[in-house]
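Each chain is listed here by its residues.
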Amino acid sequence: MYDITIVGAGPAGATLARLLGNEYKILLLDRRRLDIPLDSFNGAGIEKCCGGLIAPDAQNMLARMGLGVPREVLVGPQLFTVRTIDIQNKMERYYQRHYINIDREKFDRWLFSMIPSHVDTLCGVSFKTFEERSDSLRLKYKLNDKTYEADTKYLIGADGASSIIRRRYFPNNQIQKYISIQEWFKTNKRIAYYSAIFDSEITDFYSWTIPKEDYLILGSALLPNDNPNERFELLKQKLKGYDFDIGECVKRNGAYILRPDRTKHIFLGNGRVALIGEAAGWISPTSAEGLSYAFRSATALAHSMKASPQNIIEHYYNKTKSLRLNILSKNLKAPFMYNKNIRRNVLQSGLLSMDIYK
Ligand SMILES: Cc1cc2nc3c(=O)[nH]c(=O)nc-3n(C[C@H](O)[C@H](O)[C@H](O)COP(=O)(O)OP(=O)(O)OC[C@H]3O[C@@H](n4cnc5c(N)ncnc54)[C@H](O)[C@@H]3O)c2cc1C
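As a convention, each chain's residues are numbered from 1 in the sequence order in which they are written. Per-residue local features are limited, in this predicted model, to residues with pLDDT of at least 70; the limit for side-chain atom pairs, both in listing and counting, is 80 or more; totals at the level of whole chains, interfaces and linings are taken over all residues. Hydrogens are left out, water is left out, and the side-chain values use all remaining heavy atoms of the structure.

### Focus on helix α6 (residues 291–307)
Since the α-helix advances by 3.6 residues per turn, residues separated by three or four positions end up pointing in the same direction.
And then number 1: Secondary structure elements are defined from DSSP: runs of H or I of at least 4 residues count as helices, runs of E of at least 2 residues count as strands, and each element is numbered from the N terminus. One less than the number of residues in a helix, times 1.5 Å, gives the span that helix is expected to have. The end-to-end C-alpha distance of α6 is 24 Å, a good match for the 24 Å that 17 residues give at a rise of 1.5 Å each.
And then number 2: Taken together, the buried positions of α6 are L291, S292, Y293, A294, F295, S297, A298, A300, L301, A302, S304 and M305. We call a residue buried when its accessible area falls under 20% of the maximum for its residue type, exposed when it is over 50%, and partly exposed in between, using a 1.4 Å probe and counting protein chains only.

See the structure below:
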């Protein structure tokens, strides 16, 4: 019998596994082969689709956790600028912001490598379901087409935006969900900014470009029931009028992304089950930055499990009050980014923007 089983070894799950002490018997499951080197297998199709930018809030959390990002995880260029492109209002501004540009797959592997040896890790396995028993939970997971069972006192869903565990409690999935598509293009251009692109004809959320060494990523968070592939093609057409190298796509991937437009859609768990990271709905509703929320929710839950084993969820709820307020305040600020007329006024004012000398 395990004390704690964590499903998902992304930033949230790997952080929780690292922080829980060796007084617990812990099992960590992930369908990704994070336990073997990337170049030792054909990892196609399983890498996490992500922009790979560590924003200031996530940098702050890494600092608080006493971590510095190793050189192998970094990719060029490091970015200090956001180019805001408002296609509909035909306006642009540059803003200073400091990002750390990373290879997301390597970042996750680095977090995974810090999990202490007292945690049992199982990679390449797919968590399927669980049933509640009187004093424990019985889990089912699949490995090489064979189903296995394990018993655990607590189950932690760190299984991301498509969380099976969250769906069990929220079958109707009230939280706003987007499908994000990212395409990679080879480029010779030196691009020194991350761009945030707004156009409600494409999406009511936003699109982006991010340079990664010799590539430019073009991504967009699109409404799943609103012809996302066609909208993405339209975005590419519209960007032809801008100075991006959007030619032949060399890689395309996609993933769901959540947008908690109401704090009540953040679900922390129930009884013996708790959720952290994006599985709980912890992600910025304005920028889709999720790493800081993964770290903050994982550290909060690790603390609650130690400090209040009898009332974990209640303690975790109290411990994440400021995180909920953070999401509430982002939702209150959202119209300044997402309402076309208010955004035009903001961009026109030039407030906090800077000139770029080309
Ligand atoms: C296109 C895109 C771009 C993004 N760009 C950024 C960015 O630049 N910066 C930023 O801060 N955030 C970004 N985000 C958000 C960020 O990626 C997530 O919020 C963050 O990864 C959440 O971490 P997590 O650990 O909660 O979940 P995840 O990183 O999604 O990890 C979940 C883990 O659970 C595993 N898993 C899932 N289901 C199962 C199962 N049934 N069985 C076994 N294992 C399972 C997965 O393999 C995965 O390893 C982006 C998201 C998307 C989709």
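### With respect to the environment of V119
And then number 1: Mapped onto the elements of the fold, V119 is located in strand β6 (residues 119–123).
And then number 2: Judged by relative accessible area, V119 falls into the buried class, the value being 6%.
And then number 3: When residues no more than four places from it in sequence are discounted, the contact partners of V119 are A17, I26 and L28. What makes two residues a contact is simply this: any of their non-hydrogen atoms within 4.5 Å.

### Brief notes about the site of the ligand
And then number 1: Put simply, a residue is near a molecule or strand once any heavy atom of it comes within 4 Å of that molecule or strand. Surrounding the ligand, one finds 35 residues, the nearest of these being D30, L53, R104, F127 and E278.
And then number 2: Here a polar contact means two N or O atoms within 3.5 Å. Within protein one must be a hydrogen donor candidate and the other an acceptor candidate, and residues neighboring in sequence count only if both atoms are side-chain atoms. A distance of 2.9 Å separates an oxygen atom of the ligand from a polar backbone atom of A12.
And then number 3: Separating an oxygen atom of the ligand from a side-chain N or O atom of R104 is a distance of 2.9 Å.
And then number 4: Residue-level accessible areas treat just the shown protein chains as cover; the underlying method is Shrake-Rupley with a 1.4 Å probe. Compared with its free state, where it exposes 990 Å², the ligand has 94% of that area covered by protein.
And then number 5: In terms of residue class, the shell around the ligand is made up of 17 nonpolar, ten polar and eight charged. Here the term charged refers only to Asp, Glu, Lys and Arg, the term nonpolar to Ala, Val, Leu, Ile, Met, Phe, Trp, Tyr, Cys and Pro, and the term polar to all other amino acids, Gly among them.

### A look at a nonpolar patch on the surface
And then number 1: Residues qualify for a patch when their relative accessible area is over 30% and they have no salt bridge, like charges being joined within 9 Å and the nonpolar side chains of Val, Leu, Ile, Met, Phe, Trp and Tyr within 5 Å. Salt bridges are defined by distance alone: a side-chain nitrogen of Lys or Arg within 4 Å of a carboxyl oxygen of Asp or Glu. A surface patch of nonpolar side chains, amounting to about 300 Å² of accessible area, comprises L325, L328 and L332.
And then number 2: In this structure, L328 sits in helix α8 (residues 321–338).
And then number 3: L328 sits in the partly exposed class, given a relative accessible area of 38%.

### Considerations on unusual backbone geometry
And then number 1: At the junction of G76 and P77, the peptide bond is cis and its omega measures out at -10° in the coordinates.
And then number 2: Along the chain, P77 turns up in the loop between α2 (56–64) and β4 (79–86).
And then number 3: Of note in this structure, D145 is not a glycine but carries a positive phi near 65°.
And then number 4: Note that D145 resides in the loop between β8 (137–143) and β9 (146–157).
And then number 5: Exposure remark for D145: the relative accessible area of 73% places this residue in the exposed category.

### Structural notes on the side chain of N101
And then number 1: Structurally, N101 can be placed in strand β5 (residues 91–101).
And then number 2: A distance of 2.9 Å separates a polar atom in the side chain of N101 from the backbone oxygen of P77.
And then number 3: At a separation of 2.8 Å, a polar atom in the side chain of N101 contacts the main-chain carbonyl oxygen of P211.
And then number 4: Excluding residues that lie within four positions of it along the chain, N101 makes contacts with G52, L53, V73, L74, V75, G76, P77, Q78, L79, I210, P211 and K212.

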